[in-house]
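Observations on the three-dimensional arrangement
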Amino acid sequence: MKNVLRHSADVLVIGGGIAGLMTALYLAEDGADVVLLEAGELGAQASGANAGSIHLQLQYPEFVTYGESWARAYAPCLRFLSQSLDLWQGLSANVNEPLGVKLAGGLVVARTEAQMQAIVAKARIEAEAGVEVQVLTADDLRQIAPYLAPEAIGGGFCSREGKANPLRTTPAIAAAALRAGASIHSHTPVTGLEATPQGYVATTRGGRIAARRVVNAAGASAGKIAAMLGLTLNIDGFPLQVTVTEPVAELIPHLVYSAAGKLSLKQVANGGLVIGGGWPARVRPDGDLVTDPRSLTGNMAMAAGVVPAAGRARALRSWTAWVNGTPDWRPILGEAPGLPGFFLALFPWVGFSAGPMTARVTADLVLGRPPALSLRGVSVLAD
Ligand SMILES: Cc1cc2nc3c(=O)[nH]c(=O)nc-3n(C[C@H](O)[C@H](O)[C@H](O)COP(=O)(O)OP(=O)(O)OC[C@H]3O[C@@H](n4cnc5c(N)ncnc54)[C@H](O)[C@@H]3O)c2cc1C
């Protein structure tokens, strides 16, 4: 890491999670003069603390909560996620490090006919968006997922979903960005940002830096950065927790979800089961996060109901982090209205999966090119 902050850069990226680091990587690969500032450690917020699911299909709990009209409005984002998965497939080779990317498929497991009907309705909308989700019978499930509880009566299988290792991903991308020529400063929070006739000037403890263009990739804190320029963003932080169990015998190749409630379950390389799915952590009065024991027991019970082996494994560790969330789940991507040269790189809730494509389109826009995928219907800025 270079410690002395320069006075100017062509592009300033704020935030060293997957969105900011990959944007810096793509920009530097294209020869741009880019400086990235990160408030703490690189990848230490959501991008390093997430559950490592690589999602594509519509999330079942949101589908049943918000309904088909929400799903149709969100459906263009599936094309975005699909292209992000294409980028994930080549990412280990691009950054020259194994990132634990395994796309063996994601399975929503049903126990009731009503849940099966919702899976069928969801698959229809997914198919319209070009994402294939196979509807499976109980017999199909026994064939491909013999580790499931006998109560499972069927499910929805998206063969392209899977997992990656978040702990490996952001350091590897940061190293690749440095090799490509980006300057990266951790422990350098941006405390002020103002527009100037030439672009923008950011204030940090280490001095001020001027840049012609700025990328706001500050995740759950992106609203605070935007507010420095008088822009209000409908994005916030929501406290989540995830748990990993002791290692168990190799059993589960898939990303497993439940139609009975919030669950994501996967087996990682050392045999541990990583169990999450959007269970809330607790916010202490001082603003720090702690695990909520009710979420831990609820999440583990949900896992054990779908995969009995999860009920026999002991939980080793739970951890917490703020996820970046928008109310309708849609991302905020593109140049901010009224602020030329100020770009937003904000993909909520499943931003690890969407990280590579978030960075690709942001780098394209910063470089003045048409984005790799049209943002119409995807970004709330392009409606
Ligand atoms: C517990 C949990 C589990 C999750 N599971 C999954 C999953 O399985 N699959 C999936 O796809 N997604 C998952 N997500 C969501 C996903 O992790 C995020 O959407 C994604 O990582 C967001 O990436 P980002 O780079 O936009 O933000 P972040 O990773 O949060 O990075 C933003 C960075 O900006 C920095 N920053 C903030 N303010 C400033 C400032 N003033 N100056 C400089 N830097 C600043 C922060 O320190 C941070 O490092 C999960 C999230 C959580 C919290």
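Everything numeric here is computed off the predicted structure, so don't read it as measured data.

1. Description of the state of the cysteines
By the definition in use, this model includes 0 disulfides. In this model Cys77 remains outside any disulfide bridge; the closest cysteine sulfur is found in Cys158, 15 Å from its own. Looking at Cys158, the relative accessible area reads 1%, which means it is buried.

2. A short note on the site of the ligand
As a structural note, the neighbourhood of the ligand is formed by 37 residues, with Glu38, Ser47, Ser53, Asn324 and Ser353 the closest of them. Within the backbone of Ala39, one N or O atom sits 3.0 Å away from a nitrogen atom of the ligand. In the model, an oxygen atom of the ligand is placed 2.7 Å from a nitrogen or oxygen of the Asn324 side chain. Protein burial of the ligand: of its 1000 Å² of free accessible surface, 93% is covered by the chains. Elements supplying a minimum of two residues to the shell around the ligand: α1 (18-29), α2 (46-49), β12 (236-245) and β18 (315-325).

3. Re the domain arrangement of the chain
As far as domains go, the chain holds domain 1 (8-48 + 167-235 + 328-382) and domain 2 (103-161 + 236-325). Here the C-alpha centroids of domain 1 and domain 2 sit 30 Å apart. Contact with domain 1, which involves 8 residues of that partner, is made by 7 residues of domain 2. For the domain 1 and domain 2 pair, buried surface summed over both sides reaches about 780 Å², with 64% attributable to carbon and sulfur atoms.

4. Some thoughts on the packing of helix α4 (residues 76-95) against helix α11 (residues 355-366)
Running from N to C, α4 and α11 cross one another at 100°; their axes reach a closest spacing of 7 Å. Considering the angle they form, α4 stands roughly perpendicular to α11. Contact with α4, carried on its side by Phe80, Gln83, Ser84, Leu87, Trp88 and Leu91, involves Gly355, Pro356, Met357, Thr358, Arg360 and Val361 of α11 and no other residues of that element. Residues that form the contact of α4 with α11 fall into these classes: 7 nonpolar, 4 polar and 1 charged.

5. Brief notes about the sheet that holds strand β6 (residues 154-158)
The 8 strands are arranged β5-β6-β4-β13-β14-β15-β12-β18 in an open sheet whose pairing can be described as mixed. Pairing within the sheet leaves two strands with one partner each, and these edge strands are β5 (134-137) and β18. Taking each pair of neighbouring strands and ignoring which way they run, the sheet shows an average axis angle of 25°. Bridge count for strand β4 (residues 106-110) against β6 is 5 bridges, and the pairing is antiparallel. Bridging across to β6, Gly106 finds its partner in Cys158. Strand contacts of helix α9 (residues 293-306): β4, β12, β13 (255-258), β14 (264-267), β15 (273-280) and β18, with the helix running at about 125° to β15, the strand carrying the most contacts.

Reading the values: rules and limits
- For every chain, the first residue of the written sequence is number 1, and numbering continues from 1 onward in sequence order.
- Where totals are concerned, whole chains, interfaces and linings use all residues; where local detail is concerned, this predicted model gives features only for residues with pLDDT of at least 70, and gives and counts side-chain atom pairs only at 80 or more.
- The side-chain values count all of the structure's non-hydrogen atoms but skip hydrogen atoms and water molecules.
- Disulfides are defined in this document as cysteine sulfur pairs within 2.5 Å.
- Partly exposed describes any residue whose relative accessible area lies between the buried limit of under 20% and the exposed limit of over 50%, with all areas from a 1.4 Å probe on protein chains only and scaled to the type maximum.
- For this description, a residue counts as near a given molecule or strand if any of its non-hydrogen atoms is within 4 Å of it.
- Within 3.5 Å is the distance limit for a polar contact, defined as a pair of N or O atoms, with the added protein rule that one can donate a hydrogen and the other accept it, and that residues adjacent in sequence qualify only through two side-chain atoms.
- Each accessible area value is a Shrake-Rupley result obtained with a 1.4 Å probe; residue values ignore everything except the protein chains displayed when judging cover.
- Comment: elements are numbered from the N terminus, with helices defined as DSSP H or I runs of at least four residues and strands as E runs of at least two.
- Domain delimitation in this document rests on an assignment produced automatically or drawn from a domain database.
- Here a residue-residue contact requires only that any non-hydrogen atoms of the pair lie within 4.5 Å.
- By buried area we mean the combined loss of accessible area, with a 1.4 Å probe, across both parts when two parts are placed together.
- With axes taken as lines fitted to C-alpha atoms, and helix axes fitted only over the stretch in contact, angles between N-to-C directions fall between 0 and 180 degrees.
- The scheme is simple: roughly parallel for angles under 35 degrees, roughly antiparallel for over 145, roughly perpendicular for 65 to 115, oblique for anything else.
- Here the term charged refers only to Asp, Glu, Lys and Arg, the term nonpolar to Ala, Val, Leu, Ile, Met, Phe, Trp, Tyr, Cys and Pro, and the term polar to all other amino acids, Gly among them.
- Pairing between strands is defined by DSSP: at least two bridges between the two strands are required.

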